[in-house]
Amino acid sequence: MSTALNAEARSPEVSLIAHGRTLPADRLGWLTPTDPAIGIDAIRGRYEENGYVWLKGLLPRAEVIDFRGWVFARLAETGLLEPGHDFSLGISAAEGVDWNLANRRLMSIVRSAAYEGFCAHPHLVRFMDAFLGGISYLHKRKLMRYVQPGTPMATPAHYDLVYLRGGTSRLVTAWIPVGDIPAEMGGLVYLEGSHALGRGMEAEFRARSGDLSPEERISAYNSHMAEGGWVSKDLPAMAERFDRRWLAADYEAGDVVLHSPYMIHASTTNQDRARRLRLSTDIRYQNVDDEIDARWSNHWSLGDML
């Protein structure tokens with residue numbers, strides 16, 4: 001078990017930035033880690049109370065690092081990796097990336113048996129069966145993201161149900177860092193206590209969506225939503241508006257974060273000084289007996305408007 005469970009949260013080595021805006025120190029806090037050994041009932045209680053649960057070491061660290069190396073070995077010929085390093089380090093090349101090839105290769109990886117096996121790791125499946133109180137269903141549409149250091153890429157603030165309105169709201173997102181992701185590498189940040197805010201936003205949307213067709217109601221790109229379903233790209237302004245903190249973390253290989261479909265979250269810029277690529281996957285589980293959003297029954301494709 002990681003010593004991070006007992007360690008005091010540290011200050012990040014650099015200020016956290018998203019979309020050109022720096023998160024002020026007084027609006028930045030830290031996620032609370034959870035030892036999976038406390039039991040399902042206690043874990044479920046924390047999830048319901050906080051909108052998330054950060055499970056330390058749920059997956060075998062060595063297997064996660066091996067999978068990271070496997071992914072980057074298959075992306076190496078695209079020019080994404082700096083030559084001469086162990087692939088599991090994921091050292092980003094400074095230039096010369098064939099982005100068309102990189103995109104095609106990423107789409108191959110997310111369709112691979114190896115990736116499917118990683119997302120359906122026995123430790124995770126057994127946990128999700130217990131957490132959901134039944135047989136867990138893993139959505140076929142699964143996303144993998146790599147982010148270069150020194151680029152402005154960051155995911156704007158949103159909550160996941162916007163993209164999964166065609167099925168049950170009793171779903172759970174599992175965000176898995178594929179490798180160590182300290183805060184300055186730009187992992188997920190969560191707006192403290194925002195699962196209640198997300199429920200309110202979703203209720204407001206439903207109340208004013210009577211003029212939309214059934215297809216538009218489940219789309220994140222309808223006329224009543226912000227661009228692409230985002231809540232905001234201005235994370236500091238959101239923190240001020242709702243008088244809350246953004247919660248960051250030093251994630252480690254083997255960790256899994258579960259969050260509510262109403263929990264507002266985002267990512268920040270990868271500022272890793274060692275030029276490591278941030279690699280993560282976000283997948284969705286639900287009880288197999290609940291209604292499933294049919295749009296998520298296909299593999300993820302870039303530009304699939306979900």
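What this report covers is the structure whose coordinates are included nearby. As the structure is a prediction and not an experimental result, all values here were calculated from the model.

With a phi angle near 60°, arginine 275 is a residue other than glycine that sits in the positive phi range. In this fold, arginine 275 is placed in the loop between strand S12 (265-267) and strand S13 (278-287). A residue is classified by how much of its surface remains accessible, and arginine 275, at 30% relative accessible area, is partly exposed. Even without glycine at this site, methionine 305 takes up a positive phi of about 65°. Within the secondary structure layout, methionine 305 lies in the segment after S13.

With that settled, the discussion passes to the sheet that holds strand S3 (residues 28-30). With mixed pairing, the four strands of this open sheet are ordered in space as S3-S10-S9-S12. Two strands bound the open sheet, and with one partner strand each, they are S3 and S12. Across the sheet, the mean angle from the axis of one strand to that of its neighbour is 35°, orientation sign disregarded. The sheet contact formed by strand S9 (residues 188-191) and strand S10 (residues 246-248) spans two bridges and is antiparallel. Its bridge partner lying in S10, leucine 191 is registered against tryptophan 246. Where helix H8 (residues 235-242) meets the sheet, its contacts fall on S9, S10 and S12, and the angle it forms with S9 comes to roughly 25°.

Inspection of every chain in the model, using the stated rule, returns eight aromatic pairs. Relative to phenylalanine 131, the ring of phenylalanine 127 has its centre 5.8 Å away and its plane inclined at 15°; by these criteria the two rings are stacked. Pair noted here: phenylalanine 127 and phenylalanine 131 are both in helix H5 (residues 122-132), with a separation of four residues, about one helical turn. As far as the burial class goes, phenylalanine 127 and phenylalanine 131 line up, both buried.

This brings us to the pairing of strand S5 (residues 52-55). Of the two faces of S5, the one carrying Tyr52 and Trp54 and the one carrying Val53 and Leu55 are both buried. Note that strand S4 (residues 33-34) and S5 share two bridges and pair parallel. Bridge pairing links proline 33 to tryptophan 54 in S5. This β-α-β element, S4 to helix H1 (residues 40-50) to S5, shows right-handed connectivity.

Turning next to H8. Within the sequence span of H8, burial applies to Leu235, Pro236, Met238, Ala239 and Phe242. All buried residues of H8 fall inside an arc of 160° around its axis, so they share one side. Residue aspartate 234 occupies the N-cap position of H8, its side-chain oxygen lying 3.0 Å from the main-chain nitrogen of alanine 237. With its phi angle positive at about 55°, aspartate 243 sits one or two positions after the end of H8.

Time to look at the nonpolar core. Judged by nonpolar contacts, the single largest core of 71 residues is most densely connected at Trp246 and Leu258. When residues no more than four places from it in sequence are discounted, the contact partners of leucine 258 are Tyr47, Gly51, Tyr52, Val53, Leu55, Phe127, Met128, Phe131, Val172, Thr173 and Ala174. Counting residues in each nonpolar core, the second largest holds 13 residues, with Leu31, Tyr52, Met185 and Tyr190 among its members.

All right, on to the pattern of salt bridges then. Pairing between side chains becomes possible if they bear opposite charge and their charged atoms approach one another. Per the counting criterion, the structure on display carries 18 salt bridges. Close ionic contact of aspartate 234 with arginine 21 constitutes a salt bridge, the shortest N to O distance being 3.3 Å. Of this pair, aspartate 234 sits in the loop between helix H7 (214-217) and H8 while arginine 21 sits in strand S2 (residues 21-22), and the two are 213 residues apart along the sequence. Classification of aspartate 234 as partly exposed rests on a relative accessible area of 23%. Its relative accessible area of 36% is what places arginine 21 among the partly exposed residues. The shortest N-O distance in the salt bridge between glutamate 116 and lysine 142 comes to 2.7 Å.

Cut-offs used in this document
Residues numbered from 1 in each chain as written. Predicted model: local features only at pLDDT ≥ 70, side-chain atom pairs only at ≥ 80, totals over all residues. Heavy atoms only, no water. Helix = DSSP H or I, 4+ residues; strand = E, 2+ residues; numbered from the N terminus. Buried < 20%, exposed > 50% of the residue type's maximum accessible area, 1.4 Å probe, protein only. Pairing = 2+ DSSP bridges. Axes fitted to C-alpha atoms, helices over the stretch in contact; angles between N-to-C directions. Contact = heavy atoms within 4.5 Å. Phe/Tyr/Trp six-rings, centres within 6.5 Å; stacked < 30°, edge-to-face > 60°. Right-handed = clockwise from strand over helix to strand, strands pointing away. Arc of directions from axis to C-beta. Polar contact = N/O pair within 3.5 Å; in protein donor to acceptor, adjacent residues only side chain to side chain. Core = buried A, V, L, I, M, F, W, Y, C linked by side-chain atoms within 4.5 Å. Salt bridge = Lys/Arg side-chain N within 4 Å of Asp/Glu carboxyl O.

That is the geometry; function is a separate question.
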